[in-house]
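# Close look at the chain arrangement
Take a look at the letters that make up each chain.
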Amino acid sequence: MNEPLFESTSPEEPAASDLTYFALAQTAAKSAGQAEAQKAEVTLADLPEVLSGRYKIERLLGVGGMGAVYRARDLLREQFGDPEPYVALKTLNDDFAEYPDANALLYSEYALTARLRHPNVVRLFGFDVDINSQRAYLTLELLKGLTLDQLLSTNPDGIAWSDAQEIACALLDALNYSHSLGVLHGDIKPSNAILADDGLRLFDYGLGQPLEGILPGLPRLCRKRFSAWTPRYAALELLEGAPISPSTDVYAIACVIYELTSGKHPFRRLSAKQAKITELDQRLHCPQHLPSHCWPALRTALAFEEAQRTITCAELLQAFRQPAPTRWERWFGRR
Ligand SMILES: Nc1ncnc2c1ncn2[C@@H]1O[C@H](COP(=O)(O)OP(=O)(O)OP(=O)(O)O)[C@@H](O)[C@H]1O
């Protein structure tokens, strides 16, 4: 059995692994014999056709580093005549069966996302465990549309500012709102944002964390034991072992906005560590679709060193919402 994914908050408090057993309605094992028994219990069985007698799995929508997401029909809502009784249902990958506290990962995603109510953040319905299979799962609004990585694959030179501005501002608004409620995303990348028919949604708070003092009972993910984030969107300090912070989210979102406005990752898809060694930051230019008055803000957000990344999500948003200065303003140096 692998070490737990979460850190115990204090020696007196129960280890995060206890949470899994809470989620599974079981108690933590103390003896080696019990540990073996629990290993068998957390090994994920095949996904049942119907979870909790309510969610009928229809098809797989996508697989990520941590979970698999299915389209499911909510039989309860269907019974009451809901014409659109569909949800997205997320479970953990089988790779996580070896971790004693794997389900706490899903619960953490639930606890963080459930705090958020914003038009550009995915709506979460619930967290539950199917008693028979002992599968923990989340139910979320079913999103239909293009993810930003799909959008980029069909726009290799980036997209026009009129569209990019709308997307960037919606993303920043969602992230700024999350930060204002003490929720860090921790894994911003183009495949974690989708252009749904009623606007952009940021999703997958699976690697997120609460800010200090928010949700104090929630265990903290131990990133040393679990490195599932995508290196090319990870800020330098994260790669060096620092915890996620509002500033690490700013670096990641800046990479995404650079990609939207140029079609290319700012550092040739290298991690910040590799890009710093080759001094790629010295060769950064304003992306072709980004208005020049927005470049200083984006450039600051892309700084490798945290101390130089002196910009918040709110400030980036303000910079991107500003119209270009008029000729008069440029002549008289008003902006
Ligand atoms: N609410 C949703 N509606 C429709 N499809 C979704 C939804 N949530 C996720 N998906 C699809 O499932 C895929 C995996 O989901 P998600 O990103 O949440 O999993 P993950 O394992 O945390 O991924 P990652 O590797 O990005 O951390 C997504 O890329 C997307 O295609």
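Residues numbered from 1 in each chain as written. Predicted model: local features only at pLDDT ≥ 70, side-chain atom pairs only at ≥ 80, totals over all residues. Heavy atoms only, no water.

## Overview of the overall build of the protein chain
The test is simple: Only DSSP runs of H or I reaching four residues or more are called helices, and only runs of E reaching two or more are called strands; each is numbered from the N terminus. With a 1.4 Å probe rolled over the protein chains alone, any residue whose accessible area is under 20% of its type maximum counts as buried; one over 50% counts as exposed, and the rest are partly exposed. Throughout, a residue-residue contact means that at least one pair of heavy atoms, one from each residue, lies within 4.5 Å. Working definition of accessibility: Shrake-Rupley area with a 1.4 Å probe, residue cover restricted to the visible protein chains.
What the protein chain contains, in helices and strands, is twelve helices and 13 strands. For the protein chain, buried positions account for 51% of its 335 residues. Pairs at least 24 residues apart make up 63% of the contacts formed inside the protein chain by residues separated by at least 6 positions. Surface exposure of the protein chain reaches about 16,200 Å², of which carbon and sulfur atoms provide 51%.

## Observations concerning helix 8 (residues 246-262)
Rules: Any helix carries an expected span of 1.5 Å times its number of residues minus one.
Taking 1.5 Å per residue as the helical rise, helix 8 with its 17 residues ought to reach 24 Å, and the 24 Å between its terminal C-alpha atoms agrees with that figure. Counted residue by residue, helix 8 has 16 buried out of 17 residues, so it is predominantly covered. Looking one or two residues beyond helix 8, the residue adopting positive phi is Gly263, at roughly 85°.

## Thoughts on the environment of Ala275
Among the structural elements, Ala275 can be located in helix 9 (residues 272-277). In this structure, the C-alpha to C-alpha distance between Ala275 and Phe304, residues 29 residues apart in sequence, is 8.9 Å. In contact with Ala275, other than residues within four places in its own chain, are Phe267, Leu270, Leu280 and Phe304.

## Description of the packing of helix 6 (residues 161-180) against helix 8
Inclusion rule: Lines fitted to C-alpha atoms define the axes, with helix axes restricted to the stretch in contact, and inter-axis angles between N-to-C directions lie between 0 and 180 degrees. Any angle from 65 to 115 degrees is called roughly perpendicular, while one under 35 is roughly parallel, one over 145 is roughly antiparallel, and all others are oblique. Lys, Arg, Asp and Glu make up the charged group, whereas Ala, Val, Leu, Ile, Met, Phe, Trp, Tyr, Cys and Pro make up the nonpolar group; the residues left over, Gly among them, are polar.
With their axes 10 Å apart at the nearest point, helix 6 and helix 8 run at an angle of 170° to one another. The angle between the axes of helix 6 and helix 8 places the two elements in the roughly antiparallel class. From helix 6, Trp161, Ala164, Ile167, Ala168, Leu171, Leu172, Leu175 and His179 reach across to helix 8, where they touch Pro246, Asp249, Ile253, Val256, Ile257, Leu260 and Thr261. Class assignment for the residues of the contact of helix 6 with helix 8 results in twelve nonpolar, two polar and one charged.

## Brief notes about the sheet that holds strand 10 (residues 193-196)
To be explicit about the condition: In this description, strands pair whenever DSSP reports at least two bridges between them.
Taken in spatial order, the three strands of this open sheet run 8-10-11, and their pairing is antiparallel. The open sheet has two edge strands, strand 8 (145-147) and strand 11 (199-202), and neither has a second partner. Shown here is a sheet whose adjacent strand axes are inclined to one another by a mean of 25°, direction ignored. Summarising the sheet, strand 10 and strand 11 pair through four bridges and their orientation is antiparallel. Pairing of Ala196 across the sheet is with Gly199, part of strand 11.

## Looking at the side chain of Arg201
Counted only if it meets this: Polar contacts here mean pairs of N or O atoms no more than 3.5 Å apart (in protein, one a potential hydrogen donor and the other a potential acceptor; neighbouring residues in sequence count only if both atoms are side-chain atoms).
Assignment of secondary structure puts Arg201 in strand 11. Arg201 sits in the buried class, given a relative accessible area of 6%. Looking at Arg201, its side chain comes within polar contact range of the side chain of Asp198, at 3.1 Å. Sequence-distant contacts of Arg201, that is, excluding residues within four places in its chain, are made with Pro119, Asn120, Val121, Val122, Glu141, Leu143, Asn192, Ala193, Ile194 and Ala196.

## A word on the packing of aromatic side chains
Under the convention used in this document: Pairing of aromatic side chains here covers Phe, Tyr and the six-membered ring of Trp, requires ring centres within 6.5 Å, and sorts the geometry by plane angle: under 30 degrees stacked, over 60 edge-to-face, intermediate tilted. We count a charge as sitting over a ring when the NZ of a lysine or the CZ of an arginine lies within 6 Å of the ring centre and within 35 degrees of the ring normal.
One pass over the full model with this rule turns up seven aromatic pairs. Relative to Phe127, the ring of Tyr110 has its centre 6.0 Å away and its plane inclined at 35°; by these criteria the two rings are tilted. Linking Tyr110 in helix 4 (residues 102-114) with Phe127 in strand 6 (residues 124-130), this pair joins segments that are 17 residues apart in sequence. Since its relative accessible area comes to 23%, Tyr110 is described here as partly exposed. Between Phe267 and Phe304, the aromatic rings sit 4.7 Å apart at their centres with planes inclined by 45°, giving tilted as the arrangement. Of this pair, Phe267 sits in the loop between helix 8 and helix 9 while Phe304 is found in the loop between helix 10 (295-301) and helix 11 (313-321), placing the two residues 37 residues apart along the sequence. For Phe267, a relative accessible area of 0% translates into the label buried. With relative accessibility at 5%, the residue Phe304 sits in the buried group. One cation-aromatic arrangement involves Arg71 over Tyr86; the distance from NZ or CZ to the ring centre is 4.0 Å.

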